[in-house]
Each structure stands twice: as C-alpha cells, then as structure tokens.
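# Results of the structural survey
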Amino acid sequence: MPKVKTNRVKYPEGWELIEPTLRELDAKMREAEMDSHDGKRKCETLWPIFKVSHQRSRYVYDLYYRREEISKELYEFCLDQGYADRSLIAKWKKSGYERLCCLRCIQPRDHNYGTTCVCRVPKHLREEKVVECVHCGCQGCASGD
C-alpha cells in the first residue's frame, strides 16, 4: 500500500522567529495580487509582485548569509516551501550581482540587441538619470551604484 500523504508540514527549529515577518510579506503579496490595475500599463501591474517577492527572498538571504541567524535546515525549508527564490539567491552570491532585482533583467533574450536591462547600468554611466526597468520597475540594481 502507498503511504498516505498528509498536509502537515514539520517546521524546523527557529521557524517561530521568522514566521511573523514571512506571514506579513505573504499578506503584502496577496494585496499586490488583488490590487486593481486600472490606468496602469500592462507591465506595471506586475511591479508590486516583483517587489514583494524580492523583499521576501532578500529577507531569507540576509538571515542566513549576512546575519547568520537561521540554520541551514531552516534556510533550505524556506527555499523548498517557496518563501524565497532559489535562483535569485544563487545570483546574489556571485560577484557583480549582489543587488540584482530580478532574473529577467539579466536574460539577454528578453531585451533588444541581446544585452541586459537598463537598470543594470551604473548610474554614473547612464545618459538618462531617472530610468525604470520595464520588467520589474527597478530604478537601478547595478553593483557599482
């Protein structure tokens, strides 16, 4: 006989310390998803969702790599349960991508001329001083800024 699957998730030690913040970010995500998009461009409707997703991933990343307040088990649990973006965190660990806003900004297939997004250009090298990324609304995520 196959094992009976249950909906019970075993939370690792330390979960109670980060749970309130993650629940708050989940509530923000629901608000961003339900927010009306009247009068906005098609691409602008996704910007709040990208922003909250980035905040959630950065929170888990900082707790594990910068402040070292959570265990590896809890970190892996957060990644497996979808509380943080594994691919984005993998890029943050590489040199030059420490402030990356989203993965679409570095994919050349999503941009003209096979380059990266304008938000990846350092501010002192830009012709226009105020620039917003079309994909996520970022105003600059180059590591040299």
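Residues numbered from 1 in each chain as written. Predicted model: local features only at pLDDT ≥ 70, side-chain atom pairs only at ≥ 80, totals over all residues. Heavy atoms only, no water.

The name given to the protein chain in an unreviewed UniProt entry is G10 protein, with Thlaspi arvense as the source organism. The UniProt entry for the protein chain carries the following comment under Subcellular location (unreviewed entry): "Nucleus". (UniProt positions renumbered as here; feature names shortened; annotations may be inferred.)

### Details of the overall build of the protein chain
When helices and strands are counted, the protein chain shows four helices and zero strands. Shown N-terminal to C-terminal, the secondary structure of the protein chain runs as helices and strands in the order α-α-α-α. Projecting the C-alpha coordinates of the protein chain onto the three principal axes gives extents of approximately 60 × 40 × 35 Å. When each of the 145 residues of the protein chain is scored for burial, the buried share is 35%. Counting contacts in the protein chain only where the partners sit at least 6 residues apart, residues at least 24 apart contribute 51% of the total. In the structure as shown, the protein chain presents an accessible area of about 10,100 Å², 50% of it carried by carbon and sulfur atoms. (Helix = DSSP H or I, 4+ residues; strand = E, 2+ residues; numbered from the N terminus. Buried < 20%, exposed > 50% of the residue type's maximum accessible area, 1.4 Å probe, protein only. Contact = heavy atoms within 4.5 Å. Areas by Shrake-Rupley, 256 points an atom, 1.4 Å probe, with all protein chains shown as cover.)

### Some thoughts on helix 1 (residues 15–34)
For helix 1, with 20 residues, the first-to-last C-alpha span of 27 Å sits near the 28 Å given by 1.5 Å per residue. Within the sequence span of helix 1, burial applies to Trp15, Ile18, Leu22, Leu25, Asp26, Met29 and Ala32. Among the structural elements, helix 2 (47–66) and helix 3 (72–80) are those in contact with the buried residues of helix 1. (Expected span 1.5 Å × (residues − 1).)

### Concerning the layout of surface pockets
Roughly 300 Å³ of volume is contained in the largest pocket. As for the largest pocket, its lining consists of 15 residues, and the residues nearest its centre are Lys51, His54, Cys101, Cys136 and Cys138. Split into classes, the residues belonging to the lining of the largest pocket amount to seven nonpolar, four polar and four charged. One number sums up the size of the second largest pocket: a volume of about 190 Å³. Looking at the lining of the second largest pocket residue by residue, the classes come out as six nonpolar, five polar and two charged. (1 Å grid on protein atoms, 1.4 Å probe; cavity = no way out; pocket = protein on both sides within 12 Å on 5 of 7 lines; lining within 4 Å. Points joined across faces, edges and corners; volume = space filled by probe spheres on them. Nonpolar A, V, L, I, M, F, W, Y, C, P; charged D, E, K, R; others polar.)

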